[in-house]
Amino acid sequence: MTDSKYFTTTKKGEIFELKAELNSDKKEKKKEAVKKVIASMTVGKDVSALFPDVVNCMQTDNLELKKLVYLYLMNYAKSQPDMAIMAVNTFVKDCEDPNPLIRALAVRTMGCIRVDKITEYLCEPLRKCLKDEDPYVRKTAAVCVAKLHDINAQLVEDQGFLDTLKDLISDSNPMVVANAVAALSEIAESHPSSNLLDLNPQSINKLLTALNECTEWGQIFILDCLANYMPKDDREAQSICERVTPRLSHANSAVVLSAVKVLMKFMEMLSKDLDYYGTLLKKLAPPLVTLLSAEPELQYVALRNINLIVQKRPEILKHEMKVFFVKYNDPIYVKLEKLDIMIRLASQANIAQVLAELKEYATEVDVDFVRKAVRAIGRCAIKVEQSAERCVSTLLDLIQTKVNYVVQEAIVVIKDIFRKYPNKYESVIATLCENLDSLDEPEARAAMIWIVGEYAERIDNADELLESFLEGFHDESTQVQLQLLTAIVKLFLKKPTETQELVQQVLSLATQDSDNPDLRDRGYIYWRLLSTDPVAAKEVVLAEKPLISEETDLIEPTLLDELICYIGTLASVYHKPPSAFVEGGRGVVHKSLPPRTASSESAESPETAPTGAPPGEQPDVIPAQGDLLGDLLNLDLGPPVSGPPLATSSVQMGAVDLLGGGLDSLIGGTNFVAPPTAAVPANLGAPIGSGLSDLFDLTSGVGTLSGSYVAPKAVWLPAMKAKGLEISGTFTRQVGSISMDLQLTNKALQVMTDFAIQFNRNSFGLAPAAPLQVHAPLSPNQTVEISLPLSTVGSVMKMEPLNNLQNNIDVFYFSTLYPLHILFVEDGKMDRQMFLATWKDIPNENEAQFQIRDCPLNAEAASSKLQSSNIFTVAKRNVEGQDMLYQSLKLTNGIWVLAELRIQPGNPSCTLSLKCRAPEVSQHVYQAYETILKN
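Per chain, residue numbering runs from 1 following the sequence as it is written. Per-residue local features are limited, in this predicted model, to residues with pLDDT of at least 70; the limit for side-chain atom pairs, both in listing and counting, is 80 or more; totals at the level of whole chains, interfaces and linings are taken over all residues. Excluding hydrogens and water, the side-chain values take into account all heavy atoms of the structure.

## Describing the overall build of the chain
Rules: Where helices and strands are cited, they refer to DSSP runs of H or I of at least four residues and of E of at least two residues respectively, numbered from the N terminus. Only protein chains enter the accessibility calculation, which uses a 1.4 Å probe; a residue whose area is less than 20% of its type maximum is buried, one above 50% is exposed, and one in between is partly exposed. Whether two residues are in contact is decided by their heavy atoms: any pair within 4.5 Å suffices. Surface accessibility in these figures is a Shrake-Rupley result with a 1.4 Å probe; residues are shielded only by whichever protein chains are displayed.
When helices and strands are counted, the chain shows 37 helices and 13 strands. Taken across its 935 residues, the chain has 51% of its residues classed as buried. Put simply, of all contacts in the chain between residues at least 6 apart along the chain, 68% involve residues at least 24 apart. In the form shown here, the chain has an accessible surface area of approximately 44000 Å², with 52% of it arising from carbon and sulfur atoms.

## A few points about the sheet that holds strand E1 (residues 714-717)
Counted only if it meets this: Strands are labelled as partners when DSSP assigns at least two bridges between them.
Across the sheet, which stays open at both edges, the five strands sit in the order E1-E2-E3-E6-E5 with antiparallel pairing between neighbours. Edge strands, defined here as strands with exactly one partner in the open sheet, are E1 and strand E5 (767-768).

## Here's the deal with the packing of aromatic side chains
The condition is simple: Each Phe, Tyr or Trp ring, with Trp reduced to its six-membered ring, pairs with another whose centre is within 6.5 Å; inter-plane angles below 30 degrees give stacked pairs, above 60 give edge-to-face pairs, and intermediate values give tilted ones. Note on geometry: a ring has a charge over it if NZ (lysine) or CZ (arginine) is within 6 Å of the ring centre and within 35 degrees of the ring normal.
Summed over all chains, the structure comprises 10 aromatic pairs. A ring pair is formed by Phe 731 and Tyr 818, whose centres lie 6.1 Å apart and whose planes are at 65°; its orientation type is edge-to-face. Pair noted here: Phe 731 is in strand E2 (residues 725-734) and Tyr 818 is in the loop between strand E8 (812-817) and helix H35 (832-841), with a separation of 87 residues, a long-range link. Through a chain of ring-to-ring contacts, the aromatic side chains of Phe 418, Trp 450 and Tyr 455 assemble into a single cluster. Seen from the ring of Phe 369, Lys 335 lies directly overhead, with NZ or CZ sitting 5.1 Å from the centre.

## Digging into the environment of Met 230
Relative to the helices and strands, Met 230 resides in the loop between helix H14 (216-227) and helix H15 (234-244). Along the chain, Met 230 and Pro 594 lie 364 residues apart, while their C-alpha atoms are 7.0 Å from each other. Dropping the residues within four chain positions of it, Met 230 is found in contact with Pro 594 and Pro 595.

## Re the packing of helix H29 (residues 517-532) against helix H30 (residues 534-541)
Using the following cut-off: An axis is simply a line fitted to the C-alpha atoms; with a helix, the fit covers only the stretch in contact. Between two such axes, the angle follows the N-to-C directions and lies from 0 to 180 degrees. Each angle receives one of four descriptions, namely roughly parallel if under 35 degrees, roughly antiparallel if over 145, roughly perpendicular if within 65 to 115, and oblique otherwise. Throughout this entry, Asp, Glu, Lys and Arg are counted as charged residues, while Ala, Val, Leu, Ile, Met, Phe, Trp, Tyr, Cys and Pro are counted as nonpolar. The remaining residues, Gly among them, count as polar.
The interhelical angle for the contact between H29 and H30, taken along N-to-C directions, is 135°, at an axis separation of 6 Å. Between H29 and H30, the angle is such that the two are oblique. Here Tyr 526, Leu 529, Leu 530 and Thr 532 of H29 come into contact with H30, specifically with Pro 534, Ala 536, Ala 537, Val 540 and Val 541. When the residues that make up the contact of H29 with H30 are grouped by side-chain class, the tally is eight nonpolar, one polar and no charged.

## Here's the deal with the nonpolar core
Note the cut-off: By convention a nonpolar core is built from buried Ala, Val, Leu, Ile, Met, Phe, Trp, Tyr and Cys residues, the set being connected through side-chain atoms within 4.5 Å.
By size, the foremost hydrophobic cluster in this structure holds 214 residues, and its most contacted members are Tyr 72, Leu 126, Leu 317 and Phe 418. Excluding anything up to four places from it in sequence, Tyr 72 contacts Val 37, Ile 38, Met 41, Val 47, Ser 48, Leu 50, Phe 51 and Val 54. One finds Leu 725, Ile 727, Leu 766 and Leu 772 within the second-largest nonpolar core, a separate group that totals 59 residues.

## Points about H30
Test applied: Each C-beta atom gives one direction from the helix axis, and the arc is the one those directions make.
Along H30, the positions that sit buried rather than exposed are Pro 534, Ala 537 and Val 541. Relative to the axis of H30, the buried residues are bounded by an arc of 50° and lie together on one face.

## Things to note about a negative patch on the surface
Condition: Residues with no salt bridge and a relative accessible area higher than 30% make up the patches, which join like charges within 9 Å and nonpolar side chains (Val, Leu, Ile, Met, Phe, Trp, Tyr) within 5 Å. By salt bridge we mean one thing: a side-chain nitrogen of Lys or Arg within 4 Å of a carboxyl oxygen of Asp or Glu. All tallies of charge rest on Lys and Arg as positive and Asp and Glu as negative; His and the ends of each chain are not included. Where a charge lies is defined by one atom per residue type, namely NZ (Lys), CZ (Arg), CG (Asp) and CD (Glu).
A cluster of like negative charges, contributed by Glu 464, Glu 467, Glu 471 and Glu 501, occupies part of the molecular surface. With respect to the helices and strands, the residue Glu 471 is situated in the loop between helix H26 (462-470) and helix H27 (478-494). The class for Glu 471 is exposed, based on a relative accessible area of 70%.

## As for the sheet that holds strand E10 (residues 872-879)
Read across the sheet, five strands follow the order E9-E13-E12-E11-E10 without closing on themselves; strand pairing throughout is antiparallel. Edge positions in the sheet fall to strand E9 (847-852) and E10, since each of these pairs with one other strand and no more. Direction aside, neighbouring strands of the sheet carry axes that sit 20° apart on average. Inspection of the sheet shows E9 paired to strand E13 (residues 910-916) by six bridges, in the antiparallel sense. From the neighbouring strand, Glu 847 faces E13, where its bridge partner is Lys 915. Across the sheet, helix H36 (residues 859-867) lies against E10, strand E11 (882-890) and strand E12 (896-903), angled at about 5° from E11, the strand it touches most. Helix-sheet contacts for helix H37 (residues 922-934) involve E9, E11, E12 and E13, and the interaxial angle to E9 is about 25°.

## Section: the side chain of Glu 900
Keep this limit in mind: Definition of a polar contact: a pair of N or O atoms within 3.5 Å, with one able to donate and the other able to accept a hydrogen when the atoms are protein atoms, and with sequence-neighbouring residues admitted only if both atoms are side-chain atoms.
Position of Glu 900 relative to the elements: it lies in strand E12. Relative accessible area serves as the criterion here: at 2%, Glu 900 is assigned to the buried category. Among the polar contacts listed, one links the side chain of Glu 900 to the side chain of Arg 902, at a separation of 3.5 Å. Other than its neighbours up to four places away in sequence, Glu 900 contacts Arg 520, Trp 839, Met 884, Leu 885, Tyr 886, Thr 911, Leu 912 and Ser 913.

## Observations regarding the confidence of the model for the chain
Short version of the rule: For every residue, the predictor reports its confidence as pLDDT, a number between 0 and 100.
In this model, the chain carries an average pLDDT of 79, and 84% of its residues clear a pLDDT of 70 or more. Mean pLDDT values over the elements of the chain span from 35, in helix H34 (residues 664-667), up to 92, in helix H18 (residues 296-312). Throughout residues 598-706 the model reports pLDDT below 50, and contacts reaching past four residues in sequence, or to other chains, amount to 138 contacts.

## Notes on helix H20 (residues 351-361)
Among the residues of H20, those classed as buried are Ile 351, Val 354, Leu 355, Glu 357, Leu 358 and Tyr 361. Take H20 and look down its axis: the buried residues cluster within an arc of 165°, on one side only. Here the buried face of H20 lies against helix H19 (332-345), helix H21 (367-383) and helix H22 (388-400).

## Describing the side chain of Ser 888
Along the chain, Ser 888 falls in strand E11. Residue classification places Ser 888 among the buried residues on the basis of a relative accessible area of 0%. Among the polar contacts made by the side chain of Ser 888, one reaches the main-chain carbonyl oxygen of Gly 828 at a distance of 2.7 Å. Reaching out from Ser 888, the side chain makes a polar contact with the backbone nitrogen of Met 830 at a distance of 3.0 Å.

What follows is the structure, given as structure tokens:
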């Protein structure tokens, strides 16, 4: 019968029976009993009560029984440290056993018992095992040192175990060397400054000798250690590469990747003129190709690593395009990764082959894959100029298939091709316009609108096409709305007489009817530009655009160099450095490739600045499309400078007052409304530099601090649920400290004493900052009021709802909701420029809008009331009779919330827009606003 019988018992009173069996004189019975104990432990039953009885079974020659007892000991030593000391004698004895398996078993278990009290007793046995004659015991002891170092680093250093470990690197047995390297690497990672692995050419030589003879995991430890070594010159680097190269033909893919990592690092030091450099490039390709014949999961890991290698050294795999062609039965994640590498390897030599393959993929059934294939055709056109024409005709063929998602992706990539090769392929615009009605995805609609706006002079009915989009303006996504606004302004600048009504319509929709601040800001900027200086507007909006780069998704070079050092690890799969996903950052060391030697020709040495840019000066970055606030931030926010009025533009562009006075209130300057036929723009009399000065006019309406709003006490725990104890309470925040104001009432017939309170983990880490102080016993019908100070440094766990707080006082459990405004901190006022930049930076989908009804306050009163609860007004303005308050607040855990509060005098309802990087708090911030404003 198999061991499964031990897992099927469900008897009661089992512990007592097992105790008797463990103390039996019969060896077989003892062994059976220990097996039953281990089975119970495995399924999660608590058998710690049997600790002394199981430990007594350690005194045995039977290796199987000893292993089981040690397994039990590892599991329960932490919960029974005093009992675990009983086992120390046996360890000491077992470390001197004639059987090396028992000696190794004892030392392995010692390392796994993480109990401080025992560690010092284990030093002597460990010292003996590190110098044991049997290599199996020595290799086990080496790993034990790393485990002991994790428990008590000081003890390991004082006992000189680290020096013994370093000596083991010179051991005659390769497995001992590998484990010593693994242990030292582990310790060095947790103490980056310790310089434990002080490698020199002699020790490197020993490691390379051991490399040929140890197991595959031993080889990985040694290769990873070699990767951290810095050769003194290119000759040493070449010598190491020559001795590591045979590992490329290993059957284990992890060994292959570790060898590739070492070679990729040391190739940096080799001159490209060397014959050996070319040989090495040729040797690297076959093992990488072989990795792609493994199962899909391994293929994916290999592909992610190959993606990095191809970005660093595309010449390694430039002749291996065919292995990256997609097979029909590849999983989607492998297909997409192969596609990415195909594009990276595309060149003039293989582009015909690649395009034929991509065209085939575009007719597959997997929608995601087809989309990526169509995009890939566009990327090939941008990367290989000679193939652009062929790519465009391929895309046109795909558009003719009329498959909706294919058409949409094709239009998105054709837009990029127009950006890369202006005035070359515009003849296809007519074909694109035929498919206008079938576009339903925001990105495709935005791309089509951009094409129509950019080439409006070539499209006879451009105004009709754009007008058709304008009909459902408010239902479009932000991306489409912004694109439509810009396209219509471009059209107006190209054909002013025909599109006057259209541009007024879109500016009105963007500035007056839209809730999106990005859209409003762009609308106002265009409006002001068009009404003050049409020539300047033309220069800004129709400026020549920079050509887009060939590879837009390459990993940034310094990050790529760091990731090359992590080939074969999780970082190479995520394409992120370990610091981005390892919590706490302990043991995370930033790695980089070695500098190129003087003999090797680097493309651009770090000492020389790129030509054309003075040293120390950063090249200009072209702001991304949609970078609205970039312009706003450049406006002069200083005091008005007196100067002559601006000269009116001599260009007659259907000189219309586009502003109609609507923008004056925002910009400052004279509040002057022009008659409908005025030929001079209304706000030209505005002093230069008035900028957004009155947008940030905070001289009025900032209230004085009068203490945060406190809600009346509510009953949290009724007497009937708590044996006569009634608890009422509320939360307060004063001068930066939060407290829970409790009222305890004894409605029972006996005296109550010894009160204590405990909070469960909650969203913001609220916890008592001091014990609950009830100084005298609580007599029947007596009430006592206590203020319990709270801190926000407790354990955090996201609750539902977010502001739920579960407590237990004495033995009674209750739950309450705390108002979020007690967590608003006093330094929550954001700088104006920072407010603008942050509002723009937070994605639009994070914006939430709420209505606060029955709130008849004016802007000054609302601002003052909110400021007393740490909601600060950053800016204030009046638009068409509506008061707009721009506000910021900060929570105790560092989350910022930005708000726009719109108050219409005479209207009891106001509108609140909130933007935050953690959108789940918005609902609770709104509730806080409502509570504060209405009380």
